[in-house]
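Fold and geometry: a report
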Amino acid sequence: MTTTLVTGASGQIGSTLVDLLSAQGQTVRRATSRTPSLAGEVSVNLATGEGLAAALAGADQLFLMAPPGFANQHELLIPAIDAAKAAGVRKVLLLSAMGANADDNIPLRRAERHLERSGLAWNVIRPNWFMQNFHTFWLHGIQTQGQILLPVGGAKGSFIDTRDIAAVAAKLLSSDDFVNAEHDLTGSEALDHTQVAAILSQASGRTIGYTDIPEDAMRQGLLGAGLPADYAEFLLVILGAFKAGYSERITDTVQRITGQAPIRLAQYAQDFKAHWAS
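For the structure given in this document, a descriptive report is provided here. In this text the structure is predicted, and so the values were computed from the model without any measurement.

This paragraph deals with the packing of aromatic side chains. One pair of aromatic rings is described through two measures. These are the centre distance and the angle between the planes. Following the criterion strictly, the structure yields 8 aromatic pairs and no others. Centre to centre, the rings of phenylalanine 134 and phenylalanine 159 are 5.4 Å apart; their planes meet at 70°, and the pair counts as edge-to-face. Placement of phenylalanine 134 in the loop between strand 6 (121–127) and helix 5 (139–145) and of phenylalanine 159 in the loop between strand 8 (156–157) and helix 6 (162–172) is noted, with a sequence separation of 25 residues between them. The burial state of phenylalanine 134 is the same as that of phenylalanine 159; both residues are buried. One aromatic cluster in this structure is built from Trp129, Phe134, Phe137, Trp138, Phe159 and Phe242.

So this is what it looks like as structure tokens:
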């Protein structure tokens, strides 16, 4: 029986991935940064490395992602890749981000390259912006002002549902059909935020709009929410890439790997409409 350690196991992607792998009969270890309280949970702090070696002992595979809040993700991910190799793990699946391979100096790309050269079986998945951001990170503006507030102009994004990311990851961790390859993951349509707001409005029964805010207003909002300054700047850089049109590209990867078409934004909006209705 395959044993897989899943980092970020309580998050949007990780929690779904745990369920999918468990349904396939895999033994899943759920990494948590808090004190373990559930069956299958193990304590891991990627920022310090604490608990990682014990969590990897006897594991066959690792689903690896950086926790939010860190701009230099390679400083956490590269030691985790090395720890996986030292523990005898066979395959590592790294969650990166679409566009990370644009420059070898980008922290996520440094982690990707380290994994590719590690001698381990590997996959890298690079999803585009998550649909789930609209009921998590961008929710405050919708709830308080009825607006999606972002500095991205009229650019479009091929947003992807995190459930599709998890489905791809589950396939890659249950088969070697696509091993030692990188995969950019997107939804099946590219939408601007005015179009997104209209879809959320229709699903929730509430009028939601979109306001293109100045970059500095976004910076102050991020810092006011308690984000570290370097991480706030990292988010502004990737939002700038969105505004420049780099998030519009559409791939067929979800369909090709899972055999299922990606979830459309209208379906996502129906599934999560309660978040915006209040």
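A word on the nonpolar core. Judged by nonpolar contacts, the single largest core of 32 residues is most densely connected at Phe134, Ile148, Leu200 and Trp276. Those elements that provide at least two residues to this core are helix 5, strand 7 (147–150), helix 7 (193–204), helix 8 (215–224), helix 9 (229–243) and helix 11 (265–271). The element best represented in this core is helix 9, accounting for 6 residues. Not counting residues up to four positions away in its chain, the partners in contact with leucine 200 are Phe134, Ile142, Ile148, Ile208, Tyr268, Ala269 and Trp276. In this structure, Ala66, Val89, Ala100 and Val124 belong to the second largest nonpolar core, which totals 27 residues.

What follows deals with helix 4 (residues 107–116). Within helix 4, 7 of the 10 residues are buried, leaving the element largely enclosed by the surrounding structure. Of all the residues in helix 4, the buried ones are Pro107, Leu108, Arg109, Ala111, Glu112, Leu115 and Glu116. The elements touched by buried residues of helix 4 are helix 3 (74–86), strand 5 (91–95), strand 6 and strand 9 (181–185).

Scanning the model with the defined rule gives 19 salt bridges in all. As a salt-bridge pair, glutamate 182 and arginine 109 come within 3.7 Å of each other at their nearest N and O atoms. Placement of the pair is glutamate 182 in strand 9 and arginine 109 in helix 4, with a sequence separation of 73 residues. For glutamate 182, a relative accessible area of 35% puts it in the partly exposed group.

The next thing to look at is the sheet that holds strand 9. One open sheet accounts for 7 strands, arranged 3-2-1-4-5-6-9; its pairing is parallel. Every interior strand has two partners, whereas the edge strands, strand 3 (41–43) and strand 9, have only one. Each strand axis lies, on average, 20° off the axis of its neighbour in the sheet, ignoring direction. Relative to strand 6, helix 6 is tilted by about 170°, and along the sheet it contacts strand 4 (61–64), strand 5, strand 6 and strand 9.

All right, on to helix 9 then. In a regular helix each residue adds 1.5 Å, so 15 residues correspond to 21 Å; helix 9 covers 21 Å between its end C-alpha atoms and thus fits that length. Of all the positions in helix 9, only Tyr231, Ala232, Leu235, Leu236, Leu239 and Phe242 are classed as buried. Angular distribution of buried residues about the axis of helix 9 spans 145°; they occupy a single face of the element. Looking at the residues trailing helix 9, positive phi occurs at glycine 245, about 100°.

About the cut-offs
Residues numbered from 1 in each chain as written. Predicted model: local features only at pLDDT ≥ 70, side-chain atom pairs only at ≥ 80, totals over all residues. Heavy atoms only, no water. Phe/Tyr/Trp six-rings, centres within 6.5 Å; stacked < 30°, edge-to-face > 60°. Helix = DSSP H or I, 4+ residues; strand = E, 2+ residues; numbered from the N terminus. Buried < 20%, exposed > 50% of the residue type's maximum accessible area, 1.4 Å probe, protein only. Core = buried A, V, L, I, M, F, W, Y, C linked by side-chain atoms within 4.5 Å. Contact = heavy atoms within 4.5 Å. Salt bridge = Lys/Arg side-chain N within 4 Å of Asp/Glu carboxyl O. Pairing = 2+ DSSP bridges. Axes fitted to C-alpha atoms, helices over the stretch in contact; angles between N-to-C directions. Expected span 1.5 Å × (residues − 1). Arc of directions from axis to C-beta.

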